[in-house]
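Remarks on the overall topology
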Amino acid sequence: PPRSTPFPYTTRFRALGKAGIGPGPADWSGPISRLPHKKVEKWLDRKRLSINGRLIILHPFAGIESRSLSHETTAVLARKLSALKDVSVILTGGPENVEEIHRVARQAGASVCIAAGELSLEETWALIDKSSLFIGVDTGALHMAAASNIPAIAIFGPGDPSIWDPTASWKM
């Protein structure tokens, strides 16, 4: 469903477009409209996941280990989220995270779906765009959730969230 308020990125792109220095006109809808939603819907069907239920994306790993969640924390979170009624938990990550994601899924001992290594970057964004909630560390996927106006829980390790948190209020 459409989000009630535009994400700050959208507002800024519109403002830049009006000034003639941005990526497009005032009705900019961003790359979200070009995402491979149909392909992701077929992937969800193969996994027997319904977009009518609540899809929760759990993105626990970053390129910098100190910004990643531990395997144990991720497994506990996945187990607790999976226990909620009408919730499907999907673990996402890059190709370099596939082994870790499978290890976490085994540790969780719960019904979780693994998208890491199965979807392209654009398909991952389309999946995030279809989710009800994104929980993840400071990565590009967090920014995708924010750009799609998906409610997000941003988990920050070392670094300054006031600079990098796309879910925070932006000041101009």
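Residues numbered from 1 in each chain as written. Predicted model: local features only at pLDDT ≥ 70, side-chain atom pairs only at ≥ 80, totals over all residues. Heavy atoms only, no water.

Quick look at the pairing of strand S1 (residues 54-59)
Across the six residues that make up S1, a large majority, five, are buried. Sheet topology places S1 next to strand S2 (residues 87-91); five bridges connect them, and they run parallel. Directly across from leucine 58, in S2, lies its bridge partner leucine 91. Taking the sense of rotation as the criterion, the β-α-β connection linking S1, helix H3 (residues 71-82) and S2 turns out right-handed. Taken together, the four bridges between S1 and strand S4 (residues 133-137) define a ladder with parallel strand orientation. Pairing of isoleucine 56 across the sheet is with leucine 133, part of S4. (Buried < 20%, exposed > 50% of the residue type's maximum accessible area, 1.4 Å probe, protein only. Helix = DSSP H or I, 4+ residues; strand = E, 2+ residues; numbered from the N terminus. Pairing = 2+ DSSP bridges. Right-handed = clockwise from strand over helix to strand, strands pointing away.)

Focus: helix H6 (residues 140-147)
Counted residue by residue, H6 has six buried out of eight residues, so it is predominantly covered. Within H6 the residues assigned to the buried category are Ala141, Leu142, Met144, Ala145, Ala146 and Ala147. Phi for asparagine 149, located one or two positions after H6, is positive at around 60 degrees.

Examining the sheet that holds S1
Judged by pairing direction, the sheet is parallel, and its five strands sit side by side in the order S3-S2-S1-S4-S5 without closing on themselves. One side of each edge strand has no neighbouring strand; the edge strands of this open sheet are strand S3 (112-114) and strand S5 (152-155). Geometrically, the sheet is characterised by an average inter-axis angle of 20 degrees between neighbouring strands, direction not taken into account. Where helix H4 (residues 98-108) meets the sheet, it contacts S2 and S3, and its direction lies at approximately 170 degrees from that of S3. (Axes fitted to C-alpha atoms, helices over the stretch in contact; angles between N-to-C directions. Contact = heavy atoms within 4.5 Å.)

Side note on the packing of helix H5 (residues 121-129) against H6
At their nearest, the axes of H5 and H6 sit 9 Å apart, and the two run at 45 degrees to each other. On the basis of their axis angle, the class for H5 and H6 is oblique. Judged by the twist between their axes, the crossing of H5 over H6 is right-handed. On the side of H5, the interface is formed by Leu121, Trp125 and Ile128, while H6 contributes Ala141, Met144, Ala145 and Ala147. Taken together, the residues that form the contact of H5 with H6 break down as seven nonpolar, no polar and no charged. (Parallel < 35°, antiparallel > 145°, perpendicular 65-115°, else oblique. Left-handed = near helix turned anticlockwise from the far one by under 90°. Nonpolar A, V, L, I, M, F, W, Y, C, P; charged D, E, K, R; others polar.)

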